Amino acid sequence: MKRLLAFLLCLMLLSGLAGCALPTGHMEETGIFVRTQEGLPVFICEPRQDGTQYILLLNPTEDCKATDSLQTGDKLTVTLPTVPYEEEGLTEIYLIKWRKHWFGHTEVSQETLDKIESLVADHKAK
């Protein structure tokens, strides 16, 4: 039993070291999914030193499964084209793929939901 566990641990470490690299021009982000009152999919990147980035996920590409099954508060890891960070506002990005975390549902505060609705309204007004 110990040998089997050691083998599995070794296999996990090796697969982590030889993990798949992202194609050039793509980034992977982890964060929280929010569906606006209008049904628009918005992704909140995990906070960084330079602030929080809000991304309006545009229609998924052919390779990507739709986001219809996702609910506000679901924790995701998404693959997106690399874009510069914008301190204010909402960035529109085409979603390449996403993966939902098994135990990653988070309650989203009303303050955050209101901020996202405001960002979406400002974005549409431009």
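Predicted model, so just to flag it, every value in this text is computed and none were measured.

## So, the confidence of the model for the protein
In step 1: Confidence in the prediction of the protein, expressed as mean pLDDT, is 79, and 71% of residues score 70 or more.
In step 2: The least confident element of the protein, judged by mean pLDDT, is helix H1 (residues 2–17) at 51; the most confident is strand S2 (residues 41–45) at 93.
In step 3: Scored below 50 in pLDDT, residues 13–19 makes zero contacts in the model with residues more than four places away or belonging to other chains.

## Describing the sheet that holds strand S5 (residues 90–94)
In step 1: The strand order across the open sheet built from six strands is S5-S3-S2-S1-S4-S6, with neighbouring strands paired in mixed fashion. Of all the strands in the sheet, the pair left with one neighbour each is S5 and strand S6 (97–105). In this sheet, adjacent strand axes meet at a mean angle of 40° when their direction is disregarded.

## Quick word on the pairing of strand S3 (residues 54–58)
In step 1: Of all the five residues making up S3, four are buried; the element is thus mostly covered by neighbouring parts of the structure.
In step 2: Relative to S3, S2 runs antiparallel, the two being bridged by three bridges. When the bridges of S3 are listed, Val 42 appears paired with Leu 56.

## Details of the nonpolar core
In step 1: Judged by nonpolar contacts, the single largest core of 13 residues is most densely connected at Phe 43, Ile 55, Leu 57, Leu 76, Val 78 and Leu 80.
In step 2: The set of elements that each furnish at least two residues to this core consists of strand S1 (26–35), S2, S3 and strand S4 (74–81).
In step 3: Beyond its immediate chain neighbours, meaning those up to four positions away, Phe 43 contacts Glu 29, Thr 30, Gly 31, Ile 32, Gln 53, Tyr 54, Ile 55, Leu 57, Leu 76 and Val 78.
In step 4: Val 42, Val 108, Ile 116 and Val 120 belong to the second largest nonpolar core, which has 11 residues in total.

## Some details on the pattern of salt bridges
In step 1: Summed over the entire model, instances satisfying the criterion amount to three salt bridges.
In step 2: Ionic pairing is found between Lys 124 and Glu 38, a salt bridge with its closest N-O pair at 2.2 Å. A residue pair is termed long-range when its members are at least 10 positions apart, and Lys 124 in helix H2 (residues 110–125) and Glu 38 in the loop between S1 and S2 qualify at 86 residues.
In step 3: On the basis of relative accessibility, which here comes to 48%, the residue Lys 124 falls in the partly exposed class.

Cut-offs and rules
Residues numbered from 1 in each chain as written. Predicted model: local features only at pLDDT ≥ 70, side-chain atom pairs only at ≥ 80, totals over all residues. Heavy atoms only, no water. pLDDT = per-residue confidence, 0-100. Helix = DSSP H or I, 4+ residues; strand = E, 2+ residues; numbered from the N terminus. Contact = heavy atoms within 4.5 Å. Pairing = 2+ DSSP bridges. Axes fitted to C-alpha atoms, helices over the stretch in contact; angles between N-to-C directions. Buried < 20%, exposed > 50% of the residue type's maximum accessible area, 1.4 Å probe, protein only. Core = buried A, V, L, I, M, F, W, Y, C linked by side-chain atoms within 4.5 Å. Salt bridge = Lys/Arg side-chain N within 4 Å of Asp/Glu carboxyl O.

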